[in-house]
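# A closer look at the structure
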Amino acid sequence: MAPTHAAEILTTTLYGESDAWQGIDEVHCEPLVERSAKHDWQIEPHRHVNLVQIFYLSQGECEASIDEQKTVLTPGALVILPEHSVHGFRWRKDSYGYVLMITRSLLTRMEQNLGPQHWSRNQGSVSYSPNQQPLIAQVFAQLLDEYRHQRPQRAIMLEAITLNLMVLIDRLHSEQHRTASNSASKLKHLERFIELVEHNFQQHHQVNWYAEKLGITPAHLNSLCKQEQQLSALKLIHQRIMQEAQRQLIYSGKSASTVASLLGFEDPAYFNRFFTRLAGKSPGNYRKQWAHKNQPE
């Protein structure tokens, strides 16, 4: 799927609708076919703010572009798309599945009881064994049924089923990424650090600024990041800056100097050196190579 170079990356709530998400629901569930068929099964690159999306594909196939990655989704795919992730899809016309959107405010409230839900901030597919697929499909079917009917205590039931799904995904994610030795305090500090980076990466704060906000030493923060993420705190900050730079270069028509300014770089030349050091190529070459590699066949 080739990128569409609009002046801005399309940011929306419900793709293809001009109105914002209406009503008081903090959960939105719909069958995949409902929106995709309206757009000839092709969803152009876009992103959401303060919303996390979960896709479950039960049949069919999809060519997906998620940030700088291209992948093919096959039946059984369970995909997490955190807020700000730029994504586009080309679905096969017999595809069926579910799309779930959860507000960040609901996730935050649920995290007060569940603890940090790292999967909601890390895009990608969640792996699971074949015998777990019926349970996953059942939960999505329950969500869709509850969402579509105005029954008594509907909002409470929607949150309850969503909570069920979150616990299920968290368990699956834990099997992939966590060990039993992780303490709640470590995970809380890491989650808070990632949240601070998300809201402040354009300000180019140093590691000691984040450590001070967390009430821990820079050495402790670095140790925590290396233990849990295999990267230093500074590299995680730079990784977030690079992620946004790549998104803008791929999916928007902004010049490299405009992207530099957007990301808080006062000197475009310094941005060019920063990007080249981390990507191994200049912003201009990165954009050209990605476009060439992803030309429609």
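Up top you'll find the structure we're talking about.
Residues numbered from 1 in each chain as written. Predicted model: local features only at pLDDT ≥ 70, side-chain atom pairs only at ≥ 80, totals over all residues. Heavy atoms only, no water.

### Focus: the state of the cysteines
By the definition in use, this model includes 0 disulfides. Counting only cysteine sulfurs, C62 is the nearest neighbor of C29, a cysteine outside any disulfide, at a range of 17 Å. You can call C29 buried: its relative accessible area is 2%. (Disulfide = S-S within 2.5 Å. Buried < 20%, exposed > 50% of the residue type's maximum accessible area, 1.4 Å probe, protein only.)

### Observations regarding the nonpolar core
Within the largest apolar cluster, 33 residues are counted, with the highest numbers of intra-cluster contacts made by F193, L221, L263 and F271. Those elements that provide at least two residues to this core are helix 5 (184-200), helix 6 (207-214), helix 7 (218-229), helix 8 (233-251), helix 9 (256-262), helix 10 (268-279) and helix 11 (283-293). No other element matches the 9 residues that helix 8 contributes to this core. If we ignore the near neighbours within four places in the chain, the residues touching L263 are F201, Q202, H204, I241, E244, A245 and F271. Counting residues in hydrophobic clusters, the runner-up holds 29 residues, among them C29, I54, I136 and L165. (Core = buried A, V, L, I, M, F, W, Y, C linked by side-chain atoms within 4.5 Å. Helix = DSSP H or I, 4+ residues; strand = E, 2+ residues; numbered from the N terminus. Contact = heavy atoms within 4.5 Å.)

### Overview of helix 6
Residues spaced three or four apart along an α-helix face the same direction, because each turn holds 3.6 residues. Taken together, the buried positions of helix 6 are occupied by V207, Y210, A211 and L214. One face of helix 6 carries all of its buried residues, which in axial projection span an arc of 100°. Exposed and oriented more than 90 degrees from the buried face of helix 6 are E212 and K213. Just beyond helix 6, the residue with positive phi is G215, at close to 75°. (Arc of directions from axis to C-beta.)

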